Amino acid sequence: MKKAFPIFALLTAVLLSYALYLALVWAPTEQTMGDVQRIFYYHVPSAWTAFLLFLINFVASVWYLVWRSVKADIIALVSAEVGVVFCTVVLVTGPIWARPVWGIWWTWDMRLTLTLVLWLIYVAYLVLRRFSSGTQTPLMAAVLAVFGALDVPLVYFSIWYFRTQHPSPVIGKGGSLDPRMWHVLLINWLAFLCFAFLVSWSRYRLEKTKREVEEMLALEALLEPKGLR
Amino acid sequence: MTSLAAITGVTLRKDLRLEWRSKDAINSMLFFALLVVVIFSFSFNPTAEESRQIAGGLIWVAFLFAAVVALNQTWARELRNQVLDAYRVSPAPANALFLAKALGNFVFVSVLEAVMTPLFIIFYTLRALGPAWQLIPVAMLGTWALVVNGTFFAAMSIRTRSREIMLPLLLFPISIPALLAMVEATSAILTGEASAKFWIVLLAVYDLVFTMVSLLLFETVLGAE
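Owing to the predicted nature of the structure, the values given are computational and were not obtained by experimental measurement.

Asks: Help me out: how do you make sense of helix α3 (residues 70-102) of chain A in this one?
Replies: An α-helical turn contains 3.6 residues, so any two residues separated by three or four positions project in the same direction. Residues and elements named next belong to chain A. For α3, built from 33 residues, the straight-helix expectation of 48 Å at 1.5 Å per residue is met to within 8% by its first-to-last C-alpha distance of 46 Å. Sitting at the head of α3, S69 places a side-chain oxygen 3.3 Å from the backbone nitrogen of K71. Residue G103 follows α3 closely and has a positive phi angle near 90°.

Quick look at the structure:
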C-alpha cells in the first residue's frame, strides 16, 4: 500500500504528459476557432471531474449523516476541496476561450451559471468548515452539503427557464466532434481523473494523519496535565 | 399540550410577544431596509419605465438584506442563560421550535414588506401592468423561501465563530434559485410582458423541498455537540 502511491503518481504524470501532447500537438486544429479551441481539452475534463467530485461529496455527506463515519467526513471534505479547485479551473479557462470565440468574457448561459452557482455553494461549504468549531464541523458541513445538492436541480430549472425567456446572443457549441477530438478529450479526462484521485488521495492521508495527531495530543494533555508536572 | 402544533403555537406566541414589547428586530430591519431603498433610489434615479424593469431586483435585494438582520437575531436570545440547552433536554419536539422560529421570522419579514412596499411605490412611481394580485403569492412564497432556510442556517451559524457574517455566506448561494424566481416573477408582473406562473410554481417547489429537508435535519443540528 505504501508503494502504491508513488507508483500511481508516476503513472499519472506519464498519462498527463501524454494527454498534453495529444491536446497540443496530435489533435487536429479546429476549422473556425483555430488553436484557441485546444483549451477545450482542459476545460471540459475539469468540469466533468469537478461535477463528479461534488457528487462524491454529496454521497459521502449522506453517508456521514446516517452512519457518522469519520472516513465519510474526510472523503466529503477532500472531494469538496479538490472539486472547488477543478471548478475554478473551469471558470478560468471558460472566459479565456469565450473572449476570442464569442467576443465576450461571460454570458449568463445555462452551463456557465450552473457552474458558477455550484462553485459558490461549495466555497460556502468550505468556509463553514473553516469557521465552525471542532467536533460540530462534520455534522454542520454534511447538513449544508445536503442543502447544496438539493439546490442544484432548482438552480438548473430556474436558469433553464430564465434563458429560454431571454435567448442569449451567442451561438452554442453544437455540431459534431471529430472522432480524433473525442479521443483526445477522453484521454485528457482520464488523465484529469487520475490527477484528481491522486491529489484527493494525498489530501486524505494528510487529513487522516492530522486528525490522529490532534487526537493523540488531546489524549496526552488529558493524561499529563501541565500543572502537575 | 404536547402536540407539535400546540408547542409551536406557544413558542411562536412567546416570540411574537417578546418582539412586540422590545421591537428590536423589526426596528433595525425597517430602518435598514429604508436606508437601502433611499440609497438605491439615489444611485439609480430611474424613470418610470426603467423602474418597472429594475424594481423587482431592487425590492427583493433590499428585503433579502433586511431579512438577514432579523434572521441573525433569531437564536441569539436563546443562547443567553442556556435556553437552547434546556430545549435540547426537554421532551418537546425540536421541529416545533424550528417551525415557531420560522413562522415568527415570516411574520417579521411580512410586516417589513407591508411597510416598505408603499415606500417603493412612492420612490419609484411603480404601477403594475400585469395582474397585480399575483404579487401576493410571489411575496408569500418568496418570504417563506428566505426565512425557512434563513432560520435553519441561523441555527447552524450560531455554532460557528464570526456568527453574524456566516449566515449570509450560507444563505445567499442556496437562495439563488428562489431569489431569481422572486425577481423574475415581480418583473414579469410589473412590466406585464410575460407570465409569472412558472416562477410561482418554482417557488412553491423550492419551499416544499427546503421545508421538508429542514424539518428532517433540524433535530440533528439542534442536538449537535
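Asks: I would appreciate a short explanation of the pattern of salt bridges in the present structure.
Replies: Pairing between side chains of opposite charge can happen when the charged atoms of each approach one another. Tallied over the entire structure, the rule returns 10 salt bridges over all chains. The residue R211 of chain A makes a salt bridge to E207 of chain A at a minimum N-O spacing of 3.0 Å. Taken together, the residues R211 of chain A and E207 of chain A, both in helix α6 (residues 179-223) and 4 residues apart, mark about one turn of the helix. Across the pair E78 of chain B and K14 of chain B runs a salt bridge whose closest N-O atoms are separated by 3.0 Å. Of this pair, E78 of chain B sits in helix α4 (residues 76-79) while K14 of chain B sits in helix α1 (residues 4-22), and the two are 64 residues apart along the sequence. A relative accessible area of 3% places E78 of chain B in the buried class. Take K14 of chain B: its relative accessible area is 25%, and that puts it in the partly exposed class.

Asks: Explain unusual backbone geometry here, please?
Replies: Of note, R68 of chain A is a non-glycine position whose phi angle comes to about 50°, a positive value. Mapped onto the secondary structure, R68 of chain A falls in the loop between α2 (40-67) and α3. Exposure remark for R68 of chain A: the relative accessible area of 44% places this residue in the partly exposed category. Positive phi outside glycine occurs at Q82 of chain B, with the angle close to 55°. Inspection of the secondary structure assignment puts Q82 of chain B in the loop between α4 and α5 (83-89).

Asks: Can you walk me through the nonpolar core in this structure?
Replies: Core analysis: the largest hydrophobic core is formed by 130 residues, its most contacted members being F147 of chain A together with F152, F153, M156 and F218 of chain B. Setting aside anything within four residues of it in sequence, one finds F147 of chain A in contact with N149, F152, F153, I174, F210, V213, S214 and L217 of chain B.

Asks: Help me understand the packing of aromatic side chains, please; the structure alone is not making it clear to me.
Replies: What describes a pair of aromatic rings is the distance from one ring centre to the other and the angle between the planes of the rings. All names here are of chain B. Summed over the entire model, instances satisfying the criterion amount to 29 aromatic pairs over all chains. Ring geometry for W60 against F63: centres 5.7 Å apart, planes inclined by 90°, an arrangement best described as edge-to-face. Taken together, the positions of W60 and F63, both in helix α3 (residues 48-72) and 3 residues apart, correspond to about one turn of that helix. We note that W60, like F63, is buried.

Asks: Please explain a nonpolar patch on the surface as it appears in this structure.
Replies: Residues and elements named next belong to chain A. On the surface, a cluster of nonpolar side chains totalling about 600 Å² of accessible area is made up of Y18, L20, Y21, L24, V25 and W26. Within the secondary structure layout, V25 lies in helix α1 (residues 4-26). Exposure remark for V25: the relative accessible area of 53% places this residue in the exposed category.

Asks: It is not clear to me how the packing of α2 of chain A against helix α4 (residues 110-131) of chain A should be interpreted in this structure. Could you clarify?
Replies: A pair of packed helices is characterised by two quantities: the angle between their axes and the separation of those axes. All names here are of chain A. Viewed as axis vectors pointing N to C, α2 and α4 meet at an angle of 45°, and their least axial separation amounts to 12 Å. Compared by their axis directions, α2 and α4 come out oblique. Considering the relative orientation of α2 and α4, their crossing is left-handed. For the pair α2 and α4, contact is made by F51, F54, N57 and S61 and by T115, L118, Y122 and Y125, respectively. For the contact of α2 with α4, the class distribution of residues is 5 nonpolar, 3 polar and no charged.

Asks: What is the right way to read the interface of chain B and chain A from this model?
Replies: How big an interface is tends to be reported as the loss of accessible area on association of its parts. With 33 residues of chain B in contact, the opposing surface of chain A contributes 33 residues. Where chain B abuts chain A, roughly 2,800 Å² becomes buried across the two surfaces, and 79% of that area is made up of carbon and sulfur atoms. Counting across the interface, chain B meets chain A through 0 residue pairs in polar contact (both at pLDDT 80 or more). Contributing elements (two or more residues each) for the side of chain B that touches chain A: α7 (135-157), α8 (163-191) and α9 (197-223) of chain B. Per element, the largest residue contribution to the side of chain B that touches chain A is 12 residues, and it comes from α9 of chain B. Partitioning the side of chain B that touches chain A into residue classes produces 23 nonpolar, 6 polar and 4 charged.

Asks: Just checking my understanding: could you explain the packing of α1 of chain A against α6 of chain A for this structure?
Replies: Residue and element names in this part refer to chain A. Viewed as axis vectors pointing N to C, α1 and α6 meet at an angle of 150°, and their least axial separation amounts to 9 Å. Put simply, α1 runs roughly antiparallel to α6. Seen from above, α1 lies across α6 with left-handed handedness. Of the residues contributing to the contact of α1 with α6, the split by class is 21 nonpolar, 4 polar and 2 charged.

Basis of the calculations
Residues numbered from 1 in each chain as written. Chains lettered and ligands numbered in written order. Predicted model: local features only at pLDDT ≥ 70, side-chain atom pairs only at ≥ 80, totals over all residues. Heavy atoms only, no water. Helix = DSSP H or I, 4+ residues; strand = E, 2+ residues; numbered from the N terminus. Expected span 1.5 Å × (residues − 1). Polar contact = N/O pair within 3.5 Å; in protein donor to acceptor, adjacent residues only side chain to side chain. Salt bridge = Lys/Arg side-chain N within 4 Å of Asp/Glu carboxyl O. Buried < 20%, exposed > 50% of the residue type's maximum accessible area, 1.4 Å probe, protein only. Core = buried A, V, L, I, M, F, W, Y, C linked by side-chain atoms within 4.5 Å. Contact = heavy atoms within 4.5 Å. Phe/Tyr/Trp six-rings, centres within 6.5 Å; stacked < 30°, edge-to-face > 60°. Patch = residues over 30% accessible without salt bridge, like charges linked within 9 Å, V, L, I, M, F, W, Y side chains within 5 Å. Areas by Shrake-Rupley, 256 points an atom, 1.4 Å probe, with all protein chains shown as cover. Axes fitted to C-alpha atoms, helices over the stretch in contact; angles between N-to-C directions. Parallel < 35°, antiparallel > 145°, perpendicular 65-115°, else oblique. Left-handed = near helix turned anticlockwise from the far one by under 90°. Nonpolar A, V, L, I, M, F, W, Y, C, P; charged D, E, K, R; others polar. Buried area = accessible area lost by both parts, 1.4 Å probe.

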